[in-house]
There are 2 protein chains.
Amino acid sequence: MAAREMILSAAVCLCSIAAVRLMDLYWDSPSPGPHWMERESGPALRASCSGHGRVFNDGSDLACECSDCYTGVNCSELQHGCMVDADAGDPTFLEPFWMEHGADAGVFMPSWYRMGYSVKKKGSSPAHKELPLVYVIKELEDSIRELHELVGNAVVKDKYLVLGTGSMQLVAAALNALSDSFPEKPGAVVTRAPYYMIYKLQVDVLSSSKFQWGGDAVAAFEKKAFDPSSVVELLAAPNNPDTSILEPVYKGTNAKIIHDKAYYWPHYTAIAGALDEDVMLFSLSKTTGHAGSRIGWALVRDIEVYKKMFMYIAVSTIGVSRESQLRAHRLIKSVLDGYQNGGSHKARMFDFGYHTLQSRWQTLAEIFKASTRFSIQKVDSQHCSFFKKEVSPSPAYAWIRCEQEEDCHSIFAAAGINGRPGRAFGASNRYIRLCMIKRDDEFELLAGKLQALVDTELTNE
Amino acid sequence: MAAREMILSAAVCLCSIAAVRLMDLYWDSPSPGPHWMERESGPALRASCSGHGRVFNDGSDLACECSDCYTGVNCSELQHGCMVDADAGDPTFLEPFWMEHGADAGVFMPSWYRMGYSVKKKGSSPAHKELPLVYVIKELEDSIRELHELVGNAVVKDKYLVLGTGSMQLVAAALNALSDSFPEKPGAVVTRAPYYMIYKLQVDVLSSSKFQWGGDAVAAFEKKAFDPSSVVELLAAPNNPDTSILEPVYKGTNAKIIHDKAYYWPHYTAIAGALDEDVMLFSLSKTTGHAGSRIGWALVRDIEVYKKMFMYIAVSTIGVSRESQLRAHRLIKSVLDGYQNGGSHKARMFDFGYHTLQSRWQTLAEIFKASTRFSIQKVDSQHCSFFKKEVSPSPAYAWIRCEQEEDCHSIFAAAGINGRPGRAFGASNRYIRLCMIKRDDEFELLAGKLQALVDTELTNE
């Protein structure tokens, strides 16, 4: 930790010197220079916020926004008795990577950048005839395809790419497309429990006439609750929350499966090979850690499904933010550069991410090893085709079972940890999900509170 | 035109000199300077594309993207026999304003800018309890409210603000919220014909169990086709396509109206006063001309409607792109500065926009004055509370009626003009919509072809 912070400080310092020299030039000069230079990067880069916060250039008050449980103008005060937030899944564990190695992925947009609805340079995926909107920046589509080829996690050849405002919009688009052929409407959307709660929330809120929430896929299948030809199965693998990698419940050539592959990247799991499914979803949030950008993509085999999904995105949001697309392109390009141009090991995002999460999992496993009151999910070491070696586990979430008590969430809350309760995932409240992908300082607080919780158990034995 | 282009060229030239000086500094220096400076603004600003194109900094090939009908590496060749595209509604008439006056609205985002799902600084609109996502950058909400107060087109006090990925997402969110109380489901979504075609497309694609497309509001009301308590009326005023400003068809305290106020800004219409409706929608696309950013907002009176709309956006797209929000904030801030800080008349966006569109309308009215074959919609001069004077018309679209022929679209197509046919708006094909808000060179081509079309008519008489 200390070493990394020193490197960061040094980089910040050098950048600041450069920025100051730059501004001297501007202040001496009568040219109409871009005054955003000072505003955009100067103070933001200089402010360290005690290593427990960030300054974002949103407005006039360039104040530190502190990590959870830190407070004060410089985020230097740790709030005593503060509840650690391990509920939300902000992927900020990659923030230090970008602060160290992301200079080339910063992006400047002039005020007149891409004002139109359509872009004029077309990518490889065809536009819709009825609504001839071209909303995808070609370079982004190209870099996404290249990234999959580098990582080897999905077959992109002969696949259409649908860009969405985050992958949840693509879930809606895919459900809408696949349910068109249901013989009975509304059909059912099922998924193995425990499942990502927003799947259900979204289906409920959308109130489609074509599909309704059908609950746990295994229960539905065993009870023969629905005609299988009127079912779409959502399958997240690795799964959120329990990080398991399972097969679809509904099988056969007519089964309609949406493969949510958000976590099928080398920092979270061993890559077993390039998947070649009909509908696969990915998101920038989990790939580069940029959840705020709301960029997701679907790789789709069938042109009719592609057209329907495209139409859904086109009429729901008339495409996807050009600003986010440009930034996503630069970020992915920067990741590619780290691996392709003989870059140093340190500038390789998946390596950085994997090592961070693997070390966190080791910490967690160590803490819970001695406990009989709590157990964490079992994740095996496996061969990863990307890293070309056996890799030890590095899951995004801990899925913890309370072996004695029934209300796991309350136990953790009493210990100062706010996790997400099992019932939010269609599971029992004996479970709780803890997010492992936030900032280092936030994970350290979490680990400290978990250690104290287990220590209490061992002392009381 | 010539004068404006000279000013533009001069500005580009000065900026280039500044950029070159800046880069000299970097090339001399061993500091880890931001190399994006050259990539981001140097070539893009320097390339003039013959005044008929733009260079965007998306990728490695910094090529000109030409205006419609222009081609060649520098967009210098006018394609003979090219069809003028007056179909799509790209609001690029404001592009020259931003190129001249938008230096302060350019935005730089470091690679680590706002990676999380939530922002930590809360705005005035409350977060949802069930899904405690805070996705709106406070500064954007503040600047939107300030803009409405400057223009005086909407009452923002005691209103909640829902931010959406463009205003069409807010249409879906509002329909979803308001239809909850329908006694009969599915209820009906109606709107006066002619109407914006994507209203209908969206309702059809969403396939909600709560509402269906009910067609023309006047016809539905007269035929008593639906129970009025199970109806939502969409009312765009000024209307797209015919720019009319009409009252709702469904009236009374229980009427559920979504007021689409996308065009209720001083460049398109006289501001009659600050509206104070229950649900009002606006979009950045038409306000500052940034359609590609996909930013819209709703001003909502009732907290229950607000909560439901918030929830819809939260589960559909988990909020709105942070990049677009930051850019929208800077753009709106820049518009505000133009009016508030004693800025010159030239740096005032609504003035620029109004003068551009008013002059275009005058050109069009002049062309069609002599025609008996075609008529354009009547728009009156009116007092504008923002400009504090009577303003002559400056509508965004021409809604043209073919007085003799039945297939208006074919007549215009034969004259080299691709307009949007009446049937796309639920109207007769005797009508065609022509977009008046694209680039100057594109409008000039359109005006030339229209003049030729009317000249033929007069010659043949």
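Each chain carries its own residue numbering, running from 1 in the direction its sequence is written. Here the convention is simple: chains get letters from A, ligands get numbers from 1, in the order in which they are written. Given that this is a predicted model, residues contribute local features only at a pLDDT of at least 70 and side-chain atom pairs are listed and counted only at 80 or more, while totals for whole chains, interfaces and linings are drawn from all residues. Hydrogens and waters are ignored; side-chain quantities use all the structure's heavy atoms.

Rules: UniProt positions are given in the numbering used here, feature names are shortened, and annotations may be inferred rather than shown by experiment.
Per an unreviewed UniProt entry, the recorded name for chain A is Alliinase C-terminal domain-containing protein, and the organism is Selaginella moellendorffii. In its Cofactor (unreviewed entry) section, the UniProt record describing chain A reads: "pyridoxal 5'-phosphate".

## Some words on the overall build of chain A
Under the convention used in this document: By the criteria applied, helices consist of DSSP H or I runs no shorter than four residues and strands consist of E runs no shorter than two, each listed in order from the N terminus. Residues are treated as being in contact if the distance between any of their heavy atoms lies within 4.5 Å. All accessible-area figures derive from a Shrake-Rupley calculation using a 1.4 Å probe, and residue coverage is judged against the displayed protein chains alone.
A count of helical and extended segments in chain A gives 13 helices and 20 strands. Put simply, 70% of the contacts in chain A that link residues at least 6 apart link residues at least 24 apart. Working note: accessible area of chain A is about 17200 Å², and carbon and sulfur atoms make up 53% of it.

## As for the sheet that holds strand S14 (residues 374–376) of chain A
All names here are of chain A. Condition: Two strands qualify as a pair provided that DSSP identifies no fewer than 2 bridges between them. Axis lines are fitted to C-alpha atoms, over the contacting stretch for helices. Their N-to-C directions set the angle, which ranges from 0 to 180 degrees.
Overall, antiparallel pairing links the 4 strands, which are arranged S14-S17-S20-S19 in an open sheet. One side of each edge strand has no neighbouring strand; the edge strands of this open sheet are S14 and strand S19 (420–421). Along the sheet, helix H11 (residues 349–369) contacts S14 and strand S17 (397–402); its crossing angle with S14, the most-contacted strand, is approximately 150°.

## Remarks on the packing of aromatic side chains
For any pair of aromatic rings, geometry is given as the distance between the ring centres together with the angle between the planes. Condition: Each Phe, Tyr or Trp ring, with Trp reduced to its six-membered ring, pairs with another whose centre is within 6.5 Å; inter-plane angles below 30 degrees give stacked pairs, above 60 give edge-to-face pairs, and intermediate values give tilted ones.
This structure, assessed with the given rule, holds 50 aromatic pairs over all chains. Arranged with centres 5.6 Å apart and planes meeting at 70°, the rings of tyrosine 263 of chain A and tyrosine 397 of chain A form a pair that is edge-to-face. Note that tyrosine 263 of chain A is positioned in the loop between strand S11 (256–260) and strand S12 (279–283) and tyrosine 397 of chain A in strand S17, a separation of 134 residues in sequence. Ring geometry for tryptophan 399 of chain B versus tyrosine 431 of chain B: centroids 5.0 Å apart, planes at 10°, classification stacked.

## Here we look at the pairing of strand S20 (residues 431–435) of chain A
Strand residues, when the strand is regular, have side chains that alternate between the two faces of the sheet. All names here are of chain A. Counted only if it meets this: Type-normalised accessible area, obtained with a 1.4 Å probe on protein chains alone, sets the label of each residue: buried when under 20%, exposed when over 50%, and partly exposed for intermediate values.
Of all 5 residues making up S20, 4 are buried, and the element is well covered by its neighbours. Note that S17 and S20 share 5 bridges and pair antiparallel. Each residue of the ladder has a partner; that of arginine 401, found in S20, is tyrosine 431.

## Some points on the sheet that holds strand S13 (residues 296–300) of chain A
All names here are of chain A. Strands sit in the order S7-S13-S12-S11-S10-S8-S9 across an open sheet of 7 strands; the sheet is mixed. Bordering the open sheet on either side are strand S7 (160–164) and strand S9 (211–216), each of which pairs with just one other strand. Each neighbouring strand pair of the sheet contributes to a mean axis angle of 25°, computed without reference to strand direction. This element, helix H6 (residues 197–206), spans strand S8 (187–191), S9, strand S10 (231–236) and S11 of the sheet and lies at about 155° to S9.

## Overview of the pattern of salt bridges
Charged atoms that come close allow side chains of opposite charge to pair. What counts is decided by this rule: Salt-bridge detection follows one rule: a side-chain nitrogen of Lys or Arg within 4 Å of a carboxyl oxygen of Asp or Glu.
Using the criterion set out here, one finds 46 salt bridges over all chains in the structure. In this structure, lysine 138 of chain B and aspartate 142 of chain B form a salt bridge, with 2.6 Å as the shortest nitrogen-oxygen distance. Separated by 4 residues within a single helix, lysine 138 of chain B and aspartate 142 of chain B lie in helix H4 (residues 138–151), roughly one turn from each other. We classify lysine 138 of chain B as partly exposed; its relative accessible area is 28%. Counted as one network, the salt bridges with shared partners bring together Lys159, Asp276, Asp278 and Arg301 of chain A.

## A short note on H4 of chain B
All names here are of chain B. This is how it is decided: By this rule the span expected of a helix is its residue count minus one, scaled by 1.5 Å.
Taking 1.5 Å per residue as the helical rise, H4 with its 14 residues ought to reach 20 Å, and the 20 Å between its terminal C-alpha atoms agrees with that figure. Those residues of H4 lying buried are Glu139, Leu140, Glu141, Ser143, Ile144, Arg145, Leu147, His148 and Val151. Elements that come into contact with the buried residues of H4 comprise strand S7 (160–164), strand S12 (279–283), helix H8 (284–287), strand S13 (296–300), helix H10 (322–340) and helix H11 (349–369). One or two positions beyond H4, positive phi appears at glycine 152, with a value near 70°.

## So, the confidence of the model for chain A
All names here are of chain A. For clarity, the cut-off: You can read pLDDT as the predictor saying how much it trusts each residue, on a scale of 0 to 100.
Summing up the model confidence of chain A, the mean pLDDT is 88 and the portion of residues at 70 or higher is 86%. Confidence drops under a pLDDT of 50 for residues 1–39, and excluding neighbours within four residues, the segment shows 57 contacts in the predicted structure. When the criterion is pLDDT under 50, residues 42–46 qualifies, and its contacts beyond four places in sequence or with other chains add up to 13 contacts.

## Describing the packing of H4 of chain B against H10 of chain B
Residues and elements named next belong to chain B. Quick note on the threshold: By convention, the crossing between two helices is left-handed when the near helix turns anticlockwise from the far helix through less than a right angle, and right-handed when the turn is clockwise. Here the term charged refers only to Asp, Glu, Lys and Arg, the term nonpolar to Ala, Val, Leu, Ile, Met, Phe, Trp, Tyr, Cys and Pro, and the term polar to all other amino acids, Gly among them.
One can describe the packing of H4 onto H10 by two numbers: an axis separation of 9 Å at closest approach and a directional angle of 35°. When you trace H4 past H10, the crossing you get is left-handed. Contacts between H4 and H10 involve Glu139, Leu140, Ser143, Ile144, Glu146, Leu147 and Leu150 from the first element and Gln325, Ala328, His329, Ile332, Val335, Leu336, Tyr339 and Gln340 from the second. Across the contact of H4 with H10, the residue classes break down as 9 nonpolar, 4 polar and 2 charged.

## Examining the state of the cysteines
All names here are of chain B. The condition is simple: Sulfur atoms of two cysteines make up a disulfide when they are within 2.5 Å.
Evaluation of the coordinates by the stated rule reveals 8 disulfides over all chains. Disulfide pairing is shown between cysteine 66 and cysteine 75; the S-S distance is 2.1 Å. Because the torsion about its S-S bond is -85°, the bridge between cysteine 66 and cysteine 75 counts as left-handed. Accessibility classification places cysteine 66 together with cysteine 75 in one group, the buried group.

## Some remarks on the pairing of S12 of chain A
Residues and elements named next belong to chain A. Here S12 lies mainly inside the structure; 5 of its 5 residues are buried. In this sheet, S12 lies alongside S11 in parallel orientation, the contact comprising 2 bridges. The residue bridging histidine 259 from the neighbouring strand is methionine 280, located in S12. Pairing analysis gives 5 bridges linking S12 to S13, with the strands arranged antiparallel. Looking across to S13, one finds that methionine 280 is bridged to leucine 299.

## Some thoughts on unusual backbone geometry
The step from lysine 185 of chain A to proline 186 of chain A runs through a cis peptide bond, and the omega angle for that step is 0°. Take proline 186 of chain A: it is sitting in the loop between helix H5 (167–178) and S8. At the junction of asparagine 240 of chain A and proline 241 of chain A, the peptide bond is cis and its omega measures out at 25° in the coordinates. As for its placement among the helices and strands, proline 241 of chain A is situated in the loop between S10 and S11. Backbone geometry places cysteine 69 of chain B, a non-glycine residue, at a positive phi of 75°. Structurally, cysteine 69 of chain B is set in the loop between strand S2 (64–66) and strand S3 (70–71). A residue is classified by how much of its surface remains accessible, and cysteine 69 of chain B, at 6% relative accessible area, is buried. Positioned with a positive phi, serine 207 of chain B is a non-glycine residue whose angle comes to about 50°. Here serine 207 of chain B is to be found in the loop between helix H6 (197–206) and strand S9 (211–216).

## Some thoughts on the environment of aspartate 180 of chain B
Residues and elements named next belong to chain B. Summarising the element assignment, aspartate 180 is placed in the loop between helix H5 (167–178) and strand S8 (187–191). For aspartate 180, a relative accessible area of 31% puts it in the partly exposed group. For the pair aspartate 180 and valine 305, spaced 125 residues apart in the sequence, the C-alpha separation amounts to 9.6 Å.

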